[in-house]
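The residues making up each chain are set out below.
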Amino acid sequence: MWSFFKKDLIVFWRDRKGFLLSLFLPIVLIVVLNFAYAGLFTSDDNSVNIRLGIVQEDDPVSDMQEFEALVEEMELMEEEKDELLQQAAIHEPGTVLYHMLHRPEFKDWLDMRELSMEEAVSQVEEGKLDAYMRIPARFTLDVLRAGILGDEVGALISIHAEEYSTEVQTLQEMINQFVNSLNFQFALENTNESNGGEPVLPIGGVERIESSEAYTMAQYFTIAVATLFSLFIAQTVAMKTVTEKRERVFNRIVLSNSSPFAFLMGKMASTFCFCWFQIMLTLMVTQLFLNIFPDHSIQFWSGLVLIISVFVLTVSGLSALFTTITLRLQNLNAANGIFSLIIMLMGLLGGSFFPLQGLPVVFQKMGDWTPNGLIQTVLIDWIQNRMYSNLLMPLLVLVLFFSIVLAVSLVLFPRRESL
Amino acid sequence: MLETINLSKTFKDKKAVDDVNLYVNKGESVGLLGPNGAGKSTTISMISSLLKPTSGDVLFNGNSIIKNPAEIRRVLGVVPQEIALYEELSAHENLNFFGEIYKISKGDLESRIQEVLEMVGLQHRQKELIKTFSGGMKRRINIAAALLHQPKVLILDEPTVGIDPQSRNHILETVRKLNEQYETSILYTSHYMEEVEQLCDRVYIMDHGSIVASGNKSELLSILSNDDTFHVQLSKRSEKLIDAVRLIKDVRQVDETENGLRIIAKKRSHFLSTLVHGAEKEGVEIIHFQMEIPSLEDVFLHLTGKSLRD
């Protein structure tokens, strides 16, 4: 197997034009797409207009008074009471939320109006509003009690929308920012460790706000292009077998009594190495120039390497299958056409040409049946959650895909009749 | 050592090889001649275990290679008509790769590579990529690759097609050396009759998938008709002389040529004295007299109705 592997690597390397093209084309494409779409999104940012209804049921003034009364009743020294009240005054949630929503950078694209509950509901239903945010009664008091006194959470902010959209997502991110800001401040200033540490903050809504990272367009381009080009390497390897077949080198290999497994292993190993190197180089270069993945932790990158490695394994299996088909088919142009078709189909279904998120769920599910589609799903999950446990099943599916493809390749591998 | 028994191959409805029986003894050099499409390559593919016959068998030392192809592959060297090498690799890298997959031990491999390179006269070019070689040099490395594992039987499929005379001589010399010094059995196909005449002890002639004749050179030549052909150059034309020759017993045909006569007569016929006497009588001087010696090319033409290069 080592001989085949070594030979295939040298053959790849000596084809300098093809080699460099395979390595750098994805990088160039990602950079170009990023700049092209970055421009689009920048202009989009200004045109996004979130129409938000605010249903204000909270009465911050009365809540603050009630909170002061609560503190006064506590068996604390006067200095401690003053400190708690001062903390409450600084981080009074209603004021913090108000300031956040009225930041100058939001003014141009966040269209807010205060409405009653009935008005908000009807306007969202009629499409006059993207969403409404309900700040419930006693919200200020509950947040202060939870954040400063460590009491249980009562009232929750909720966001209601007719349908999930980019605008609603943006709004969620804003609220998330608000929650994080409060969390951070309370945690920083809470001196009473025994009283529960970080306060639980009132959050909620139609879409629950979570601490997951966003999956950016730049990340999408990087992963989509890198995985698609890897699939093309499987085709390239198979097409190099065309030369081996046409020039009768393959006959010479058969005459040496070499096992099909060794031959295919050589193809797979060289595909694996080349693909792995291609994807890693793509990730490294784009990371260096575009900072695609903001998380620089070892945990994140080791997970990424693991996911990519399993994906590349499936691509190597695919190259074995393509190689076998090439050896079986008499019409080599037809073989090339079939492989291109398969890869294009995989690219289409797996979301390598455009994101599937906007398509019906059935298409998104179909994408998970392709290695590139599944790996995108896995990577999105990894970027957002970094949970090793979430990787197990999809990676096992990919290993299973590889095993099946390899088994089929070995069964179909021609012994002599189809040479 | 190697023999085929009623070997046949049918592709769809077309019979490419039909009941071919041939054998190659140990240390023997055998030629396989035939026009394009005669079935030579198909026969060779079956003998080298790359193609399964529709019927018949190939025996190596009495054992069927159809049932156990691995046995013959170990001792068989095949030089295909195509350049079965990696163009992007150097000559040494190619030989190293083929040597490794033939499982030649690491210790022996380098010396074997140098040995075969020396044999084909390309030791000094071993580091260069195959794609930079001339056609002749490629063919020599093509042969070297088939010799690495020291095969007992070497099959060469038109190994000298389209190459320069120097490379051609080198190849022929290599094959002769292998046959004479190492007692390698050779099965050689070629379009060049003179190569087969030079190299081979016996020749099989194939046409339309069948063996139409076989034997050594003299046996094949005897296939030709029982006539001899003579060319007579005369000082002048004489109608009476021509008529006189036509009347000689055993003379079958007399044709006028540019400067004399072409006479076809029965083998060992005694017409020469009559011809000389007749010429003297007519005052015609015989300037030159030559008997035409038939070649294998003539035999081939006679048997297949085609020239070898058709």
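Residues numbered from 1 in each chain as written. Chains lettered and ligands numbered in written order. Predicted model: local features only at pLDDT ≥ 70, side-chain atom pairs only at ≥ 80, totals over all residues. Heavy atoms only, no water.

A word on the sheet that holds strand β3 (residues 131-135) of chain A
Residues and elements named next belong to chain A. Worth spelling out the cut-off: Two strands pair under a simple rule: DSSP has to find at least two bridges between them. Secondary structure elements follow DSSP: runs of H or I no shorter than four residues count as helices, runs of E no shorter than two count as strands, and numbering proceeds from the N terminus. The axes used here are C-alpha line fits, helices contributing only the stretch in contact, and every angle between their N-to-C directions lies in the interval 0 to 180 degrees. Contact criterion: two residues are considered in contact whenever any of their non-hydrogen atoms come within 4.5 Å of each other.
The sheet built from four strands is open, its strands ordered β2-β1-β3-β4 with mixed pairing. Edge positions in the open sheet fall to β2 (110-114) and β4 (158-161), since each of these has one partner strand only. Here the average twist between neighbouring strands, direction ignored, is 25 degrees. Relative to β4, β3 runs antiparallel, the two being bridged by four bridges. If you follow Arg-134 over to β4, its bridge partner there is Ser-158. Its contacts with the sheet put helix α7 (residues 117-126) on β1 (50-56), β2, β3 and β4, and the angle it makes with β3 is roughly 155 degrees.

Observations regarding the domain arrangement of chain A
For clarity, the cut-off: The split of the chain into domains comes from an automatic or database domain assignment.
Each domain of chain A was delimited in the assignment, giving domain 1 (2-38 + 215-412) and domain 2 (49-195). The gap between the C-alpha centroids of domain 1 of chain A and domain 2 of chain A is 48 Å.

Section: a nonpolar patch on the surface
All names here are of chain A. In plain terms, the rule: The patches reported here contain residues having more than 30% relative accessible area and no salt bridge. Joining distances are 9 Å for like charges and 5 Å for nonpolar side chains (Val, Leu, Ile, Met, Phe, Trp, Tyr). Only the protein chains shown count as cover for residues, with accessible areas throughout obtained via the Shrake-Rupley method and a probe of 1.4 Å. Should a side-chain nitrogen of Lys or Arg be within 4 Å of a carboxyl oxygen of Asp or Glu, the pair is scored as a salt bridge. Think of it in three bands: with a 1.4 Å probe and only protein chains considered, a residue is buried below 20% of the maximum accessible area for its type, exposed above 50%, and partly exposed in between.
Together, Leu-400, Ile-404, Val-408, Val-411 and Leu-412 make up an exposed nonpolar region whose accessible area comes to about 440 Å². Mapping Ile-404 onto the fold places it in helix α17 (residues 388-412). Take Ile-404: its relative accessible area is 49%, and that puts it in the partly exposed class.

Focus: empty space enclosed by the protein
What counts here: The pocket and cavity definitions rest on a 1 Å grid over protein atoms only: a 1.4 Å probe that fits but cannot leave marks a cavity, an open set with protein on both sides within 12 Å along at least five of seven lines marks a pocket, and residues lining either have an atom within 4 Å of a point. Grid points are joined across faces, edges and corners, and a volume is the space filled by probe spheres set on the points. Under the convention adopted here, Pro, Cys and the residues Ala, Val, Leu, Ile, Met, Phe, Trp and Tyr are nonpolar, Asp, Glu, Lys and Arg are charged, and Gly plus all remaining residues are polar.
Under the definition given, this model contains two cavities of 30 Å³ or more. Estimates place the volume of the largest cavity at around 50 Å³. In this structure, the largest cavity is lined by Thr-222, Ile-223, Ala-226, Thr-227, Ile-279, Leu-283, Leu-304, Ile-308 and Leu-379 of chain A. Residue assignment for the lining of the largest cavity shows that the elements contributing at least two residues are α10 (217-246), α12 (260-290) and α13 (298-328) of chain A. The element contributing the most residues to the lining of the largest cavity is α10 of chain A, with four residues. Residues of the lining of the largest cavity, tallied by class, amount to seven nonpolar, two polar and no charged. Taken together, Arg-252 and Leu-255 of chain A together with Gly-77, Val-78, Tyr-102, Ala-145, Ala-146 and His-149 of chain B form the lining of the second largest cavity. Here the lining of the second largest cavity is built from residues that sort into five nonpolar, two polar and one charged.

So, the pattern of salt bridges
Opposite charge on two side chains permits pairing when their charged atoms draw close. Residue and element names in this part refer to chain B. The final tally for this structure, using the stated rule, is 26 salt bridges over all chains. With a shortest N-O distance of 3.4 Å, Glu-87 and Lys-138 are connected by a salt bridge. Of the two residues, Glu-87 is situated in the loop between β6 (76-79) and α3 (91-101) and Lys-138 in helix α5 (residues 135-147); the sequence distance between them amounts to 51 residues. Residue Glu-87 is classed as partly exposed on the basis of its relative accessible area of 28%. Using a relative accessible area of 16% as the deciding quantity, one classes Lys-138 as buried. Arg-176 is the salt-bridge partner of Glu-173, the closest N and O atoms lying 3.8 Å from each other. Here Glu-173 and its partner Arg-176 are both found in helix α6 (residues 165-181), three residues apart, which amounts to about one turn of the helix.

Re helix α4 (residues 78-90) of chain A
Residue and element names in this part refer to chain A. The line we're drawing: Take the number of residues in a helix, subtract one, and multiply by 1.5 Å to get its expected span. The arc refers to the directions leading from the helix axis to the C-beta atoms.
Counted at 1.5 Å a residue, the expected span for α4 with its 13 residues is 18 Å, and the 18 Å between its end C-alpha atoms agrees. Listing the buried residues of α4 in full gives Lys-81, Leu-84, Leu-85, Gln-87 and Ala-88. Seen end-on, α4 carries its buried residues on one side only, within an arc spanning 155 degrees. The exposed residues of α4 that point more than 90 degrees off its buried face are Glu-79, Gln-86 and Ile-90.

Details of the interface of chain A and chain B
Going by this rule: Once two parts are joined, some of their accessible surface, as seen by a 1.4 Å probe, is lost; buried area is that loss totalled over both. Polar contacts, as used here, are pairs of N or O atoms within 3.5 Å; protein pairs need one atom able to donate a hydrogen and one able to accept it. Residues neighboring in sequence count only if both atoms are side-chain atoms.
At the interface, 23 residues of chain A touch 35 residues of chain B. Between chain A and chain B, roughly 2,600 Å² of surface is buried when both sides are summed, and carbon and sulfur atoms account for 55% of that area. A salt bridge links Arg-248 of chain A to Glu-82 of chain B; the nearest nitrogen and oxygen atoms lie 3.6 Å apart. On the surface where chain A and chain B come into contact, there are 10 residue pairs in polar contact (both at pLDDT 80 or more).

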